[in-house]
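In case you want the letters, here they are:
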Amino acid sequence: PLAPGEVIPAPSGAFERDPQESSTTDEELGRAGGRGGSTATPDYGEQRLPQALIVGVKKGGTRALLEAIRAHPDVRAVGTEPHFFDRNYEKGLEWYRNVMPKTLEGQITMEKTPSYFVTNEAPRRIHSMAKDTKLIVVVRNPVTRAISDYTQTLSKKPDIPTFEVLAFKNRTLGLIDASWSAIRIGIYALHLENWLQYFPLSQILFVSGERLITDPAGEMAKVQDFLGLKRIVTEKHFYFNKTKGFPCLKKPEDSSAPRCLGKSKGRTHPKIDPDVIHRLRKFYKPFNVMFYQMTGQDFQWEQEESDK
(Lines give C-alpha, C1' and ligand atoms only; values in the text may rest on other atoms or scores of the structure.)
Protein backbone atom coordinates (compact mmCIF):
# COMPACT_ATOMS: atom_id res chain seq x y z
CA PRO A 1 0.00 0.00 0.00
CA LEU A 2 1.06 3.58 -0.55
CA ALA A 3 2.61 5.51 2.24
CA PRO A 4 0.86 8.88 2.76
CA GLY A 5 2.58 11.44 0.58
CA GLU A 6 3.98 8.85 -1.81
CA VAL A 7 3.61 9.92 -5.41
CA ILE A 8 1.17 7.89 -7.44
CA PRO A 9 1.96 7.13 -11.08
CA ALA A 10 -0.43 8.43 -13.71
CA PRO A 11 -3.08 5.96 -14.83
CA SER A 12 -2.20 3.63 -17.68
CA GLY A 13 -3.99 0.94 -19.65
CA ALA A 14 -6.08 0.97 -22.77
CA PHE A 15 -9.38 0.06 -21.12
CA GLU A 16 -9.16 3.02 -18.80
CA ARG A 17 -11.33 6.01 -19.09
CA ASP A 18 -9.34 9.22 -19.20
CA PRO A 19 -9.71 10.81 -15.73
CA GLN A 20 -10.13 14.13 -17.54
CA GLU A 21 -13.06 12.85 -19.57
CA SER A 22 -16.26 14.69 -18.85
CA SER A 23 -19.04 12.66 -17.27
CA THR A 24 -21.69 14.84 -18.86
CA THR A 25 -23.40 13.47 -21.94
CA ASP A 26 -24.48 15.67 -24.84
CA GLU A 27 -28.07 14.75 -24.10
CA GLU A 28 -27.71 15.99 -20.52
CA LEU A 29 -26.08 19.20 -21.70
CA GLY A 30 -28.94 19.79 -24.09
CA ARG A 31 -31.39 19.32 -21.25
CA ALA A 32 -29.34 21.52 -18.95
CA GLY A 33 -29.85 24.37 -21.36
CA GLY A 34 -26.28 24.59 -22.66
CA ARG A 35 -24.65 27.80 -21.58
CA GLY A 36 -26.28 30.11 -19.15
CA GLY A 37 -28.42 27.84 -17.04
CA SER A 38 -31.89 26.44 -16.92
CA THR A 39 -33.61 29.64 -18.00
CA ALA A 40 -32.88 31.39 -21.27
CA THR A 41 -29.74 33.53 -21.16
CA PRO A 42 -30.71 37.20 -20.92
CA ASP A 43 -29.43 39.58 -23.60
CA TYR A 44 -28.45 42.14 -20.99
CA GLY A 45 -25.60 42.06 -18.49
CA GLU A 46 -22.07 41.01 -19.34
CA GLN A 47 -19.97 37.89 -19.49
CA ARG A 48 -17.58 37.67 -16.58
CA LEU A 49 -14.96 35.17 -15.51
CA PRO A 50 -16.33 32.90 -12.74
CA GLN A 51 -15.91 33.94 -9.13
CA ALA A 52 -16.68 30.43 -7.89
CA LEU A 53 -15.90 26.97 -9.27
CA ILE A 54 -17.10 23.46 -8.47
CA VAL A 55 -13.75 21.73 -8.98
CA GLY A 56 -14.56 18.14 -7.99
CA VAL A 57 -14.92 15.33 -7.55
CA LYS A 58 -16.12 13.15 -10.36
CA LYS A 59 -19.11 10.97 -9.32
CA GLY A 60 -19.34 12.87 -6.04
CA GLY A 61 -22.58 14.74 -6.71
CA THR A 62 -21.31 17.78 -8.63
CA ARG A 63 -24.16 17.80 -11.17
CA ALA A 64 -26.78 17.67 -8.38
CA LEU A 65 -25.03 20.55 -6.60
CA LEU A 66 -24.77 22.63 -9.77
CA GLU A 67 -28.47 22.15 -10.60
CA ALA A 68 -29.46 23.07 -7.03
CA ILE A 69 -27.33 26.24 -6.88
CA ARG A 70 -28.63 27.31 -10.29
CA ALA A 71 -32.07 27.56 -8.71
CA HIS A 72 -30.72 30.66 -6.91
CA PRO A 73 -31.59 33.91 -8.72
CA ASP A 74 -28.17 35.42 -7.94
CA VAL A 75 -26.25 32.58 -9.59
CA ARG A 76 -25.64 32.08 -13.29
CA ALA A 77 -23.80 28.94 -14.27
CA VAL A 78 -22.64 27.15 -17.39
CA GLY A 79 -24.53 23.92 -18.02
CA THR A 80 -21.63 22.27 -19.83
CA GLU A 81 -18.23 21.46 -18.32
CA PRO A 82 -15.81 23.95 -19.93
CA HIS A 83 -12.67 21.97 -18.96
CA PHE A 84 -10.73 25.23 -19.29
CA PHE A 85 -8.10 24.65 -16.60
CA ASP A 86 -7.31 21.11 -17.73
CA ARG A 87 -7.97 20.72 -21.48
CA ASN A 88 -8.62 24.12 -23.02
CA TYR A 89 -6.18 26.36 -21.17
CA GLU A 90 -4.21 27.28 -24.28
CA LYS A 91 -7.40 28.90 -25.70
CA GLY A 92 -6.93 31.74 -23.23
CA LEU A 93 -9.08 33.62 -20.72
CA GLU A 94 -11.03 35.46 -23.42
CA TRP A 95 -12.29 32.13 -24.78
CA TYR A 96 -13.21 31.11 -21.23
CA ARG A 97 -15.08 34.36 -20.59
CA ASN A 98 -17.08 33.85 -23.80
CA VAL A 99 -18.31 30.47 -22.54
CA MET A 100 -19.86 32.17 -19.50
CA PRO A 101 -23.48 33.30 -19.24
CA LYS A 102 -24.27 37.02 -19.01
CA THR A 103 -24.72 38.30 -15.49
CA LEU A 104 -25.92 41.44 -13.84
CA GLU A 105 -24.06 43.35 -11.15
CA GLY A 106 -24.24 41.32 -7.94
CA GLN A 107 -24.81 37.95 -9.60
CA ILE A 108 -22.21 35.19 -9.27
CA THR A 109 -20.85 33.39 -12.33
CA MET A 110 -20.04 29.71 -11.80
CA GLU A 111 -18.96 26.58 -13.65
CA LYS A 112 -18.21 22.99 -12.70
CA THR A 113 -15.57 20.64 -14.07
CA PRO A 114 -14.92 17.77 -11.62
CA SER A 115 -11.62 16.73 -13.20
CA TYR A 116 -9.97 19.99 -12.03
CA PHE A 117 -9.52 18.48 -8.55
CA VAL A 118 -7.12 15.82 -9.87
CA THR A 119 -5.36 18.05 -12.44
CA ASN A 120 -1.93 19.11 -11.18
CA GLU A 121 -1.87 22.44 -13.02
CA ALA A 122 -5.42 23.49 -12.13
CA PRO A 123 -4.77 25.18 -8.73
CA ARG A 124 -1.92 27.30 -10.11
CA ARG A 125 -3.90 28.27 -13.22
CA ILE A 126 -7.03 29.19 -11.26
CA HIS A 127 -4.93 31.16 -8.79
CA SER A 128 -3.35 33.11 -11.62
CA MET A 129 -6.83 33.97 -12.99
CA ALA A 130 -8.05 35.25 -9.59
CA LYS A 131 -6.49 34.35 -6.28
CA ASP A 132 -9.77 35.00 -4.41
CA THR A 133 -11.75 32.43 -6.45
CA LYS A 134 -14.05 30.37 -4.22
CA LEU A 135 -13.72 26.61 -4.69
CA ILE A 136 -16.28 23.92 -3.97
CA VAL A 137 -15.36 20.23 -3.73
CA VAL A 138 -18.11 17.62 -3.43
CA VAL A 139 -16.62 14.53 -1.80
CA ARG A 140 -18.16 11.13 -1.27
CA ASN A 141 -17.03 7.89 0.37
CA PRO A 142 -14.12 6.95 -1.93
CA VAL A 143 -15.15 3.28 -2.10
CA THR A 144 -18.67 4.04 -3.38
CA ARG A 145 -17.23 6.78 -5.58
CA ALA A 146 -14.85 4.28 -7.23
CA ILE A 147 -17.67 1.80 -7.83
CA SER A 148 -19.86 4.57 -9.27
CA ASP A 149 -17.00 5.64 -11.54
CA TYR A 150 -16.56 2.06 -12.74
CA THR A 151 -20.33 1.69 -13.28
CA GLN A 152 -20.33 4.75 -15.51
CA THR A 153 -17.43 3.44 -17.61
CA LEU A 154 -19.09 0.01 -17.80
CA SER A 155 -22.26 1.57 -19.24
CA LYS A 156 -20.16 2.98 -22.11
CA LYS A 157 -17.71 0.08 -22.50
CA PRO A 158 -19.50 -3.13 -21.48
CA ASP A 159 -16.49 -5.32 -22.34
CA ILE A 160 -14.04 -3.88 -19.78
CA PRO A 161 -12.63 -6.23 -17.09
CA THR A 162 -14.50 -6.58 -13.78
CA PHE A 163 -14.07 -4.05 -11.00
CA GLU A 164 -12.20 -6.70 -8.95
CA VAL A 165 -9.65 -7.25 -11.74
CA LEU A 166 -9.02 -3.52 -12.24
CA ALA A 167 -8.82 -2.71 -8.53
CA PHE A 168 -5.82 -4.94 -7.78
CA LYS A 169 -2.23 -4.99 -8.91
CA ASN A 170 -2.00 -8.39 -7.23
CA ARG A 171 -5.19 -9.98 -5.94
CA THR A 172 -3.42 -12.72 -3.95
CA LEU A 173 -1.32 -10.17 -2.05
CA GLY A 174 -4.26 -7.79 -1.88
CA LEU A 175 -2.27 -4.96 -3.50
CA ILE A 176 -4.62 -2.20 -4.62
CA ASP A 177 -3.82 -0.58 -7.98
CA ALA A 178 -3.74 3.10 -7.02
CA SER A 179 -2.77 4.07 -10.57
CA TRP A 180 -6.27 3.19 -11.80
CA SER A 181 -8.06 6.54 -12.02
CA ALA A 182 -11.25 5.18 -10.37
CA ILE A 183 -9.20 4.51 -7.22
CA ARG A 184 -6.72 7.37 -7.52
CA ILE A 185 -9.38 10.11 -7.59
CA GLY A 186 -10.59 9.01 -4.11
CA ILE A 187 -7.21 9.67 -2.44
CA TYR A 188 -8.52 13.13 -1.61
CA ALA A 189 -5.72 14.09 0.82
CA LEU A 190 -3.15 13.67 -1.93
CA HIS A 191 -4.97 15.96 -4.36
CA LEU A 192 -5.90 18.51 -1.69
CA GLU A 193 -2.23 18.99 -0.81
CA ASN A 194 -1.74 20.45 -4.27
CA TRP A 195 -4.61 22.96 -3.82
CA LEU A 196 -3.42 24.10 -0.40
CA GLN A 197 -0.18 25.32 -1.94
CA TYR A 198 -2.23 28.03 -3.68
CA PHE A 199 -5.45 28.52 -1.71
CA PRO A 200 -6.22 28.86 2.00
CA LEU A 201 -8.75 26.40 3.46
CA SER A 202 -11.14 29.31 4.03
CA GLN A 203 -11.59 29.59 0.26
CA ILE A 204 -12.50 25.92 -0.18
CA LEU A 205 -15.86 24.45 0.78
CA PHE A 206 -16.14 20.67 1.12
CA VAL A 207 -19.65 19.39 0.48
CA SER A 208 -20.66 15.89 1.56
CA GLY A 209 -22.05 13.96 -1.40
CA GLU A 210 -23.90 11.71 1.08
CA ARG A 211 -25.58 14.63 2.87
CA LEU A 212 -26.44 16.19 -0.47
CA ILE A 213 -28.78 13.20 -0.82
CA THR A 214 -30.02 12.82 2.79
CA ASP A 215 -30.22 16.54 3.64
CA PRO A 216 -29.94 18.60 0.44
CA ALA A 217 -31.32 21.77 2.03
CA GLY A 218 -28.77 21.60 4.88
CA GLU A 219 -25.83 21.23 2.49
CA MET A 220 -27.23 23.98 0.22
CA ALA A 221 -27.47 26.34 3.21
CA LYS A 222 -23.70 25.93 3.69
CA VAL A 223 -23.05 26.49 -0.01
CA GLN A 224 -25.12 29.67 -0.08
CA ASP A 225 -23.43 31.00 3.08
CA PHE A 226 -20.00 30.23 1.60
CA LEU A 227 -20.87 32.11 -1.60
CA GLY A 228 -22.24 35.05 0.39
CA LEU A 229 -25.77 34.51 -0.92
CA LYS A 230 -29.12 34.80 0.80
CA ARG A 231 -30.49 31.35 1.73
CA ILE A 232 -33.09 31.12 -1.00
CA VAL A 233 -32.66 27.45 -2.00
CA THR A 234 -34.33 25.61 0.92
CA GLU A 235 -36.21 22.37 1.63
CA LYS A 236 -39.11 23.73 -0.44
CA HIS A 237 -36.93 23.19 -3.53
CA PHE A 238 -36.45 19.45 -3.00
CA TYR A 239 -38.65 16.44 -3.40
CA PHE A 240 -37.40 12.92 -2.67
CA ASN A 241 -37.75 10.55 -5.61
CA LYS A 242 -38.18 7.02 -4.21
CA THR A 243 -37.42 5.31 -7.53
CA LYS A 244 -34.13 7.14 -8.09
CA GLY A 245 -33.26 7.16 -4.41
CA PHE A 246 -32.26 10.81 -4.36
CA PRO A 247 -33.84 14.26 -4.22
CA CYS A 248 -35.15 16.09 -7.28
CA LEU A 249 -35.42 19.84 -7.70
CA LYS A 250 -38.63 21.75 -8.02
CA LYS A 251 -39.52 25.43 -8.15
CA PRO A 252 -41.52 26.14 -5.00
CA GLU A 253 -43.96 28.45 -6.80
CA ASP A 254 -44.43 26.04 -9.67
CA SER A 255 -46.81 23.10 -9.73
CA SER A 256 -45.00 21.39 -12.63
CA ALA A 257 -43.22 18.07 -12.12
CA PRO A 258 -39.88 18.20 -10.26
CA ARG A 259 -36.75 18.07 -12.41
CA CYS A 260 -34.71 14.95 -11.74
CA LEU A 261 -31.19 14.31 -12.98
CA GLY A 262 -30.80 12.38 -16.24
CA LYS A 263 -30.84 8.61 -16.59
CA SER A 264 -27.03 8.51 -16.33
CA LYS A 265 -27.37 9.45 -12.65
CA GLY A 266 -28.33 6.93 -9.97
CA ARG A 267 -27.39 3.84 -11.99
CA THR A 268 -27.55 0.50 -10.19
CA HIS A 269 -24.05 -0.55 -9.15
CA PRO A 270 -22.78 -4.03 -10.02
CA LYS A 271 -22.41 -6.48 -7.13
CA ILE A 272 -18.82 -6.29 -5.85
CA ASP A 273 -17.11 -9.05 -3.86
CA PRO A 274 -17.35 -8.00 -0.14
CA ASP A 275 -13.69 -8.93 0.38
CA VAL A 276 -12.69 -6.38 -2.28
CA ILE A 277 -14.80 -3.72 -0.57
CA HIS A 278 -13.19 -4.58 2.76
CA ARG A 279 -9.68 -4.27 1.27
CA LEU A 280 -10.54 -0.98 -0.39
CA ARG A 281 -11.86 0.43 2.89
CA LYS A 282 -8.60 -0.54 4.58
CA PHE A 283 -6.63 1.05 1.73
CA TYR A 284 -8.51 4.36 1.93
CA LYS A 285 -8.74 4.63 5.72
CA PRO A 286 -5.37 6.34 6.38
CA PHE A 287 -5.96 8.74 3.48
CA ASN A 288 -9.48 9.52 4.74
CA VAL A 289 -8.12 10.22 8.23
CA MET A 290 -5.50 12.56 6.72
CA PHE A 291 -8.23 14.27 4.72
CA TYR A 292 -10.37 14.78 7.85
CA GLN A 293 -7.34 16.30 9.60
CA MET A 294 -6.52 18.57 6.67
CA THR A 295 -10.07 19.87 6.27
CA GLY A 296 -11.09 19.86 9.93
CA GLN A 297 -14.19 17.88 8.91
CA ASP A 298 -15.08 14.29 9.72
CA PHE A 299 -17.12 12.83 6.88
CA GLN A 300 -17.73 9.64 8.92
CA TRP A 301 -17.06 7.28 6.03
CA GLU A 302 -15.57 4.69 8.38
CA GLN A 303 -18.52 4.92 10.77
CA GLU A 304 -20.93 4.59 7.87
CA GLU A 305 -19.24 1.32 6.88
CA SER A 306 -19.45 -0.23 10.35
CA ASP A 307 -23.18 0.57 10.47
CA LYS A 308 -23.81 -1.67 7.45
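Computed from a prediction, not measured in an experiment: that's the story for all the values here.

### Focus: the overall build of the protein
Move 1: The number of helices and strands found in the protein is twelve helices and eleven strands.
Move 2: Here the protein holds 308 residues, and 53% of them are scored as buried.
Move 3: Per element, the accessible surface of the protein, about 14,400 Å² overall, is 53% carbon and sulfur.

### Brief notes about the UniProt feature "active site" (unreviewed entry) in the protein
Move 1: The UniProt feature table records "active site" (unreviewed entry) at Lys-59.
Move 2: Relative to the helices and strands, Lys-59 resides in the loop between β2 (52–56) and α2 (62–69).
Move 3: Overall, Lys-59 belongs to the buried group, its relative accessible area being 12%.

### Re the environment of Thr-80
Move 1: Along the chain, Thr-80 turns up in the loop between β3 (75–77) and α3 (92–99).
Move 2: Overall, Thr-80 belongs to the partly exposed group, its relative accessible area being 23%.
Move 3: Considered as a pair, Thr-80 and Lys-112 are 32 residues apart in the sequence and their alpha carbons are 7.9 Å apart.

### Examining helix α11 (residues 274–295)
Move 1: Here α11 spans 30 Å end to end across 22 residues, near enough to the 32 Å set by a 1.5 Å rise per residue.
Move 2: Restricting attention to buried positions, one finds in α11 the residues Val-276, Ile-277, Leu-280, Phe-283, Tyr-284, Phe-287, Asn-288, Phe-291, Tyr-292, Met-294 and Thr-295.
Move 3: One or two residues past the end of α11 sits Gly-296, with phi positive at roughly 75°.

### Here's the deal with the confidence of the model for the protein
Move 1: Of all residues in the protein, 84% have pLDDT values of 70 or greater, and the mean over the chain is 87.
Move 2: Here residues 5–40 is modelled with pLDDT under 50, and outside its nearest four sequence neighbours on either side it reaches 93 contacts, counting other chains as well.

Basis of the calculations
Residues numbered from 1 in each chain as written. Predicted model: local features only at pLDDT ≥ 70, side-chain atom pairs only at ≥ 80, totals over all residues. Heavy atoms only, no water. Helix = DSSP H or I, 4+ residues; strand = E, 2+ residues; numbered from the N terminus. Buried < 20%, exposed > 50% of the residue type's maximum accessible area, 1.4 Å probe, protein only. Areas by Shrake-Rupley, 256 points an atom, 1.4 Å probe, with all protein chains shown as cover. UniProt positions renumbered as here; feature names shortened; annotations may be inferred. Expected span 1.5 Å × (residues − 1). pLDDT = per-residue confidence, 0-100. Contact = heavy atoms within 4.5 Å.

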